[in-house]
Amino acid sequence: MRQERTETAQNVAELLRAAGFTADKNLGKRDKALMEALSRAASLLIEPDMRRRVQHAEIAARIAPIVAAGGPVVLLQPIVDLDSGDRIGAEALSRFPRQWGLPPDRCFADAHMIGEGHRLELLALRRAADHLAHVRGYVAMNVSPSTLLIPECTDLLSRLPTDRVVLELSEHDPVDDYDQLRAVLAPLRAAGMRLAIDDVGAGSAGRATPLPGRSRDTSAVSRSTSARRSESGGVTMTGGSSRRKRCWGLVVLAPVVGATVGALDVIRALFASDRKPFFTSYARMSDSPGARHWLVEAATLTRRAERTMLALAAALDADAIITDEQGSRMQQDRADAAADCRAALERMLDLPGASGFRPANALRRFWLDVSVASRHPGLNPYLAIEDYGRALTTPAE
């Protein structure tokens, strides 16, 4: 830090010399010391602005190619009804280049810092809306409250099939004017658009007045809070009991299974294409018995994980008393289902080979999501084994 300030002070001195200021050889040591102190003081004032300009320039250089390309890549994560097992919709997720090493919310925040946030969010919304023509059910789209308030956003949303759109607002973003937000949402919700609150209770909005419409629409689950399905089919916050703990674990498992099902869709599309297996004489992937065998194994693991998840949901819906041993066994089942998902992704990635890890390949995104999320403590295999083993060896009271 001291070296940086010294360099900044030197830069200030060079600027002064360039402006025509020169050193007076008649100045004494005290005068020189005073001038050096003033130079350091000036550097403290100038340095933050210089850093901010450098930071903004770096962000602009990253964001510009994304904006020029029409916005970030938008993938879909399936949303499954735990009772029927049917896919009822999907959540649109923006993805930025992996080499940035930044999560999507940080990328959008950086864009807002340089005044490009609204534009980037609108591009992401348009790309999410493009998926409506190709999927069944609804598509959940994320938008910040500030972007929702600009006319370009409401105009875009009003032109969509509103009954197939769930608008997700994050409580991490502050809401300055709830009356204005209600006024913007009112015509959209009257036309059938639903509202979801992402990270309920975790952000700025949750510390103020509740966002409009929360009681009638759906609420997404906070990353740090347990949840259960509500009577309306949404998700509400809970806490404390063993049953609620099991529900929380199931909510952690569901996105992992959904991502695995999404990856299986990508692989099945690969088999339907003219993609040729590498280093073989087969004209198509579907012509290879070995590739078909790997596909069957991946599909079997995926469906087994899905059946396990649905069986756990049915057990929780039965309203029976869950003993400690039963709860531990359910935790073990969740961990087994997560392991099946990881194993399924490994089989799938063998089929396209190393090309499956290209940043633009959707399979890589699913693999990364499953690999990370399945290590959650609620799905961790060694923790499940430890808990189940303790329950099996503890005498019943």
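Quick look at the structure, then.

What counts, and at which threshold
- Residues numbered from 1 in each chain as written.
- Predicted model: local features only at pLDDT ≥ 70, side-chain atom pairs only at ≥ 80, totals over all residues.
- Heavy atoms only, no water.
- Helix = DSSP H or I, 4+ residues; strand = E, 2+ residues; numbered from the N terminus.
- Buried < 20%, exposed > 50% of the residue type's maximum accessible area, 1.4 Å probe, protein only.
- Contact = heavy atoms within 4.5 Å.
- Areas by Shrake-Rupley, 256 points an atom, 1.4 Å probe, with all protein chains shown as cover.
- Polar contact = N/O pair within 3.5 Å; in protein donor to acceptor, adjacent residues only side chain to side chain.
- Core = buried A, V, L, I, M, F, W, Y, C linked by side-chain atoms within 4.5 Å.
- Phe/Tyr/Trp six-rings, centres within 6.5 Å; stacked < 30°, edge-to-face > 60°.
- 1 Å grid on protein atoms, 1.4 Å probe; cavity = no way out; pocket = protein on both sides within 12 Å on 5 of 7 lines; lining within 4 Å.
- Points joined across faces, edges and corners; volume = space filled by probe spheres on them.
- Nonpolar A, V, L, I, M, F, W, Y, C, P; charged D, E, K, R; others polar.
- Salt bridge = Lys/Arg side-chain N within 4 Å of Asp/Glu carboxyl O.

Moving on: the overall build of the chain. Tallying secondary structure elements over the chain gives 12 helices and 8 strands in all. Counting across all 397 residues of the chain, residues that qualify as buried make up 41%. Taking as baseline every contact in the chain between residues at least 6 positions apart, the subset at least 24 positions apart corresponds to 67%. By element, 55% of the accessible surface of the chain is carried by carbon and sulfur atoms, the whole surface being about 22100 Å².

Our focus in this paragraph is the side chain of Arg62. Locating Arg62 in the fold gives a position in helix 2 (residues 29–68). Taking the relative accessible area as the measure of exposure, Arg62 reaches 14% and is therefore buried. Within the structure, Arg62 has its side chain in polar contact with the side chain of Glu58 (distance 2.7 Å). In contact with Arg62, other than residues within four places in its own chain, are Trp100, Leu102 and Asp110.

Formed by 36 residues in total, the largest nonpolar core has its most connected members in Leu250, Leu253, Val257, Ile267, Phe271, Met348 and Leu363. When contributions to this core are tallied by element, the ones reaching two or more residues are helix 8 (242–272), helix 9 (289–317), helix 10 (324–350) and helix 11 (362–373). Grouped together as the second largest cluster of nonpolar side chains are 29 residues, Val143, Leu157, Val175 and Val184 included.

Within the element layout of this structure, Thr302 appears in helix 9. With a relative accessible area of 1%, Thr302 lands in the buried category. In contact with Thr302, not counting residues within four places along its chain, are Thr260, Val261, Leu264, Ala344 and Met348.

Under the definition given, this model contains 3 aromatic pairs. Plain terms: the ring middles of Phe357 and Trp367 are 5.0 Å apart, the flat faces sit at 85° to each other, and that makes the pair edge-to-face. With Phe357 in the loop between helix 10 and helix 11 and Trp367 in helix 11, the pair connects residues that are 10 residues apart, well separated along the chain. Assessed through its relative accessible area of 22%, Trp367 is described here as partly exposed.

A separate point is empty space enclosed by the protein. Tallied over the entire structure, the rule returns 2 cavities of 30 Å³ or more. By volume, the largest cavity is sized at about 40 Å³. Around the largest cavity, the lining residues are Leu75, Leu76, Gln77, Leu93, Arg95, Arg365, Phe366 and Asp369. Breaking the lining of the largest cavity down by element, the ones donating at least two residues are strand 1 (73–80), strand 2 (87–95) and helix 11. Classifying every residue of the lining of the largest cavity gives 4 nonpolar, 1 polar and 3 charged. Its boundaries defined by the atoms lining it, the second largest cavity holds a volume of some 30 Å³.

Looking now at the pattern of salt bridges. Under the counting rule described, the total for this entry stands at 15 salt bridges. The partner of Arg62 in a salt bridge is Glu58, with the nearest N and O atoms 2.7 Å apart. Here Arg62 and its partner Glu58 are both found in helix 2, 4 residues apart, which amounts to about one turn of the helix. Since its relative accessible area comes to 41%, Glu58 is described here as partly exposed. For Arg390, the salt bridge goes to Glu386, with nearest N and O atoms at 3.3 Å. Of this pair, Arg390 and Glu386 both sit in helix 12 (residues 381–393), separated by 4 residues, roughly a single helical turn. For Glu386, a relative accessible area of 45% gives the class partly exposed. Salt bridges sharing partners connect three or more residues here, namely Glu58, Arg62, Arg106 and Asp110.

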